[in-house]
Amino acid sequence: MLFAIICIDKPGHEAVRLENRPDHVAFLKEEGEQVVLAGPFLSDDGATMIGSLLIYDAETLDEAKDFAAGDPYAKAGLFESVTIRPWRKVFDNR
């Protein structure tokens, strides 16, 4: 089952994101095909990263929660909030 993991950064934590980005990217790569897609939310100027969206393939919600909790960003205290919801892909035009 696919899960949307929606993470919003704490205000003023840009340095935490940048410091932990290499470990975060390595963590995502280690998960292989279970990470269906991932990328940052951007501020209105289109330049500043302010959160993350991940689509993760897991058997259970608990597995998706464990994955999200293991993210170096989460461990570093970057996120103000994390929401995990089951998600179904209906259209894929790319």
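Residues numbered from 1 in each chain as written. Predicted model: local features only at pLDDT ≥ 70, side-chain atom pairs only at ≥ 80, totals over all residues. Heavy atoms only, no water.

## Observations concerning the sheet that holds strand β2 (residues 35-42)
Going by this rule: Two strands pair under a simple rule: DSSP has to find at least two bridges between them. Secondary structure elements are defined from DSSP: runs of H or I of at least 4 residues count as helices, runs of E of at least 2 residues count as strands, and each element is numbered from the N terminus. Each axis is a line fitted through C-alpha atoms, taken for helices only over the stretch in contact, and angles between the N-to-C directions span 0 to 180 degrees.
Taken in spatial order, the four strands make up an open sheet running β2-β3-β1-β4, and their pairing is antiparallel. Each edge of the open sheet is held by one strand with a lone partner, namely β2 and β4 (79-87). For this sheet, the mean inter-axis angle between neighbouring strands, taken without regard to orientation, is 15°. Where β2 and strand β3 (residues 49-57) come together, seven bridges link them in antiparallel fashion. Opposite alanine 38, over in β3, you have leucine 54 as the bridge partner.

## Things to note about the packing of aromatic side chains
What counts, and what does not: Aromatic pairing here means that ring centres of Phe, Tyr or Trp (its six-membered ring) are within 6.5 Å. Orientation follows from the plane angle: under 30 degrees is stacked, over 60 is edge-to-face, and everything else is tilted.
All chains considered together, the criterion is met by three aromatic pairs. The interplanar angle of 10° and the centroid separation of 3.9 Å between the aromatic rings of tyrosine 56 and phenylalanine 67 together place this pair among those described as stacked. One end of the pair, tyrosine 56, is in strand β3; the other, phenylalanine 67, is in helix α2 (residues 61-70), and eleven residues separate them in sequence. Here the aromatic residues Phe27, Tyr56 and Phe67 are joined through ring pairs into a cluster of three or more.

## Quick look at the layout of surface pockets
Short version of the rule: Cavity and pocket criteria rest on a 1 Å grid covering protein atoms alone: a 1.4 Å probe that fits but cannot get out defines a cavity, protein on both sides within 12 Å along at least 5 of 7 lines defines an open pocket, and an atom within 4 Å of a point defines a lining residue. Grid points are joined across faces, edges and corners, and a volume is the space filled by probe spheres set on the points. Classification convention: Asp, Glu, Lys, Arg as charged; Ala, Val, Leu, Ile, Met, Phe, Trp, Tyr, Cys, Pro as nonpolar; all other residues, Gly among them, as polar.
Reported here for the largest pocket is a volume of approximately 160 Å³. If you go around the largest pocket, the residues you meet are Arg17, Arg21, His24, Val25, Leu28, Ala38, Gly39, Pro40, Ser52, Leu54 and Tyr73. The leading source of residues in the lining of the largest pocket is helix α1 (residues 14-30), at five residues. In terms of residue class, the lining of the largest pocket is made up of six nonpolar, three polar and two charged.

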